[in-house]
2 protein chains.
Amino acid sequence: MTDTPDKARLRVRIVFPAGTWMGPGKAELLERIIHTGSIAAAGREMGMSYKRAWELVDTLNRMFRDPLVESTRGGAKGGGATVTEAGLRVLAAYRRAIDAAYLAGEEPIAEMVEMLSDIPEE
Amino acid sequence: MTDTPDKARLRVRIVFPAGTWMGPGKAELLERIIHTGSIAAAGREMGMSYKRAWELVDTLNRMFRDPLVESTRGGAKGGGATVTEAGLRVLAAYRRAIDAAYLAGEEPIAEMVEMLSDIPEE
């Protein structure tokens, strides 16, 4: 995600016709599963409960034809987990969509940035 | 917003460097203020409390150098409200950013759509 401190960044949720969606939270969870090899650890890094992380993975796995995450061992204490080839494809497509969106929106975003007040009050 | 039933649509939040943001809720509120001429009525159409609608308008007015919404009469029962020229500009820029984002992301979004399961379970 475009995320330099002096630039605007985008949070994009892609809402599919069936009402399911892919957004920054699911993308981040997939990335952290890649890095940690564990659903529980990935969720923990995001301040998410074990239950919530598993629910999100379950949602992702049902949303798409092929599962995006496979539990390699499983078990209540959390076994290893792998992001599948389908998962890597979805993640890459999501990132491509965000990057393209950011580039395409640069001019109108810059227009808004110029109109911001100098002293933000939030 | 691109919102046909058979296509994916985008919900985009533009997060500015100061941490303030412009997103679909604020854009919709501005649009409804244009149509209704009233902050209270616009909020009501969105299932939002009177207080919440006013808070959002206040946030928008502080975020940008020039106010985006002006209360033409005011008063506790909700007077008339107008979206200013600055408000119209911000709204137009936001819509341009979303449309550009959608077009730019069409290919990766289509890739994700093709990977969706046929029977969504949500």
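Keep in mind the model is a prediction, meaning the values are calculated, not measured.

Q: Where do I start with the nonpolar core in this structure?
A: In a soluble, globular protein the nonpolar side chains are often hidden away together inside. Counting 72 residues, the largest nonpolar core has I14(A), F64(A) and I14(B) as its most contacted members. Non-local contacts of F64(A), meaning those with residues more than four positions away in its chain, are made with F16(A), V90(A), M112(B), M115(B), L116(B) and S117(B).

Q: Honestly, the pairing of strand 1 (residues 9-15) of chain A in this entry has me stumped. Any pointers?
A: The side chains of a regular strand alternate, first on one face of the sheet and then on the other. Bridging between strand 1 of chain A and strand 1 (residues 9-15) of chain B involves seven bridges; their strand directions are antiparallel. In the sheet register, R9(A) faces strand 1 of chain B, and the bridge partner there is V15(B). If you look at the hairpin formed by strand 1 of chain A and strand 2 (residues 21-22) of chain A, you'll find five residues sitting between the two strands, and G19(A) has a positive phi there, around 100 degrees.

Q: I keep staring at the relation of the copies chain B and chain A and nothing clicks. Help me out?
A: Both copies of the chain are related by one operation, a rotation about an axis with a shift along it. Here chain B sits on chain A after a turn of 180 degrees about the axis and a move of 0.0 Å along it, with an RMSD of 0.0 Å. Seen this way, the second copy is the image of the first under a two-fold rotation axis. For chain B, the smallest separation between a C-alpha atom and the rotation axis is recorded for A101(B), amounting to 1.9 Å. Interface overlap between copies is the fraction of interface residues in one copy that are interface residues in the other; for chain B against chain A it reaches 100%, indicating a shared surface.

Q: In this structure, what is going on with the side chain of T84(B)? I would like to understand it.
A: All names here are of chain B. By secondary structure assignment, the location of T84 is in the loop between strand 4 (81-83) and helix 4 (85-104). The class for T84 is buried, based on a relative accessible area of 14%. T84 has contacts with P67, L68, V69 and E70, leaving out every residue within four places of it along the chain.

Reading guide: rules and limits
Residues numbered from 1 in each chain as written. Chains lettered and ligands numbered in written order. Predicted model: local features only at pLDDT ≥ 70, side-chain atom pairs only at ≥ 80, totals over all residues. Heavy atoms only, no water. Core = buried A, V, L, I, M, F, W, Y, C linked by side-chain atoms within 4.5 Å. Buried < 20%, exposed > 50% of the residue type's maximum accessible area, 1.4 Å probe, protein only. Contact = heavy atoms within 4.5 Å. Pairing = 2+ DSSP bridges. Helix = DSSP H or I, 4+ residues; strand = E, 2+ residues; numbered from the N terminus. Least-squares fit on C-alpha atoms with pLDDT ≥ 70 in both.

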